[in-house]
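Residue strings, one per chain:
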Amino acid sequence: MNDAVNDVTQDRKPKDAAGIPEEPHRRHIGEGGLNLKPSGRTPAPVSLEQRSGEKTVGQASVENAVFTCRDVNVFYGAKHALRNVSIDVGRRQVLAMIGPSGCGKSTFLRCLNRMNDTIPGARVTGSIHLDKTDIHDRQQDVVQLRARVGMVFQKPNPFPKSIYENVAYGPRIHGMTRSRADLDEIVCTSLQRAGLWDEVKDRLKRPGTGLSGGQQQRLCIARAIAVQPEVILMDEPCSALDPVATARVEDLIEQLRASYAIVIVTHSMQQAARVSQRTAYFHMGSLIEVGETDKVFTNPRHRLTEDYITGRFG
Amino acid sequence: MDMLEGHISKAFDGALAGLHIRIVEMGGLVLEQVREAAQAYTEWRVDSAERVLQREMKVNAYDASLDEEQLTLLARRQPVAGDLRATIAMSKAVGELERAGDEAKKIARNVLAQGGRPGPATSRDVRHIGQLAVSLLRASLEAFDRLDTSLALEVITQDEDLDLEYKAGLRRLLTRAMEDPRHFDVTLEAAFVLKSLERVGDHARNLARQVCSMGGHSRPTDDLTATSRASRLT
């Protein structure tokens, strides 16, 4: 890491009541014993230009980013799973993350809403800012963070409740509504935005688990957007779906892009090419290349990216 | 050849290499077509012209079957990045060869129509420009065969020489027509033949451009060809 980042880290040492700096090593905070950098106040994100030794090729930073990640490292015990990843996530655009299994793309995705907190022995260093707020700040409520950064998983996972309750759950626990009519409105809007309303409007009381795989996944998307997130993370959202359901979800992603930033991990390069505006290629824990999707799939700049997307290794 | 190989799927390697080889085969056929058509005109040989027309069907068959193979490759493999550029470039290369073959056909038809045998001076011009066109097409095919971008850039530059020779040949032709306007129809046909040969040179140049795009160059711009021209001059 370079000096600029170290300087910032120095500034961030919290002090105890006597004004003595706390031990600058990692501390256990949050769920699952996640070790994090000390964090007293929220420093400004470090711009890419301030950094040196950047290995990633392409355009990692964007203007007016929703997420600004700098030098993110993740360790699972002794395993160094993610190395110095620096990337921005732009507003109202889809960022696709591709790479062979074990390359760190899902690990990075899980950093963005602190899902790695739940993994014992996981340690995250570096800085991740959501709208200039350090998501690892001690003041940061993880539940609130996950409302702002929703997630959709590989396998549709509706709650074993009614379709209505699946969508209403989030707004209710976050106290977003004052009346039943408000809640009805949110459920209806969310299902409409997820493109599911017409298919389920007559059976809102039926269990969500009774829907088809594709419908369940769209229900999960409706559940994620019901709490009005800023970012939606998707971890291989179509890998368990047939081509028709996949096309529906991809179409939905395109529509949702107008309102949210979306980060999608996918093993289908065709899907990444179809749905995203920017693509990031990960390899063995490093971010190798990031750039406009059109460029990455027609004229990648890094040999590793070219070899991966053309099926020369994987 | 690296750029067409090394896939995890050996069948994909095979499909790309197979396509490449078949295009080189088609190129060899077109080269023979142009050579024989120019010879048929300068030596005024009907049997040669007939052979050219018969072989033209083979060229068209190559064109049709290569189209089919390329569609299958796109549908089955959905190539991206370098593979996509190579597939599109190969598709365009087939188009260039097919059109070069068409020019040979036009020359052969001219002989078969027996409109009027060109005089010795015109024959000499056609032979000269024909040789230039054939050597340019041969060089572009070699560049395509070996995927040799520097040779391809040479071809692009040399096509300008052919264009100059064509203009000079056309001026000589018109001068002769003005001196003796009785055979104006023969002159006109000869001008079409010269134009066809000049077009063969253009197709060779376009084929060379495709080689450059397969080699990772974006379309060779004037800058690139200017550099190549400068290095040739020095």
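Residues numbered from 1 in each chain as written. Chains lettered and ligands numbered in written order. Predicted model: local features only at pLDDT ≥ 70, side-chain atom pairs only at ≥ 80, totals over all residues.

As for the overall build of chain A
- For chain A, the helix and strand inventory stands at eleven helices and 13 strands.
- In chain A, which comprises 314 residues, the share counted as buried stands at 45%.
- The contacts of chain A with a sequence gap of at least 6 include a subset with a gap of at least 24, amounting to 71%. (Helix = DSSP H or I, 4+ residues; strand = E, 2+ residues; numbered from the N terminus. Buried ≥ 20, exposed ≤ 12 C-beta atoms within 10 Å, placed from the backbone. Contact = placed C-beta atoms within 7 Å.)

A closer look at unusual backbone geometry
Residues and elements named next belong to chain A.
- Despite not being glycine, Asn 84 shows a phi value in the positive range, around 45 degrees.
- One can find Asn 84 in strand 5 (residues 79–90).
- Residue Asn 84 is classed as buried on the basis of its C-beta count, with 20 C-beta atoms lying within 10 Å.
- Here Arg 114, not a glycine, exhibits a phi torsion of approximately 55 degrees, which is positive.
- Of note, Arg 114 is situated in the loop between helix 2 (105–111) and strand 7 (122–130).

A short note on helix 8 (residues 243–256) of chain A
Residues and elements named next belong to chain A.
- The end-to-end C-alpha separation of helix 8 is 20 Å, in line with the 20 Å expected for 14 residues at 1.5 Å each.
- Of the positions making up helix 8, those classed as buried are Val 249, Leu 252, Ile 253 and Leu 256. One side of helix 8 holds all its buried residues, which, seen down the axis, span an arc of 105 degrees. For helix 8, the exposed residues set more than 90 degrees away from the buried face come down to Pro 243, Val 244 and Gln 255.
- Where helix 8 is buried, its residues contact strand 6 (94–98), helix 7 (213–225), strand 10 (231–235), strand 11 (261–265) and helix 9 (269–275). (Expected span 1.5 Å × (residues − 1). Arc of directions from axis to C-beta.)

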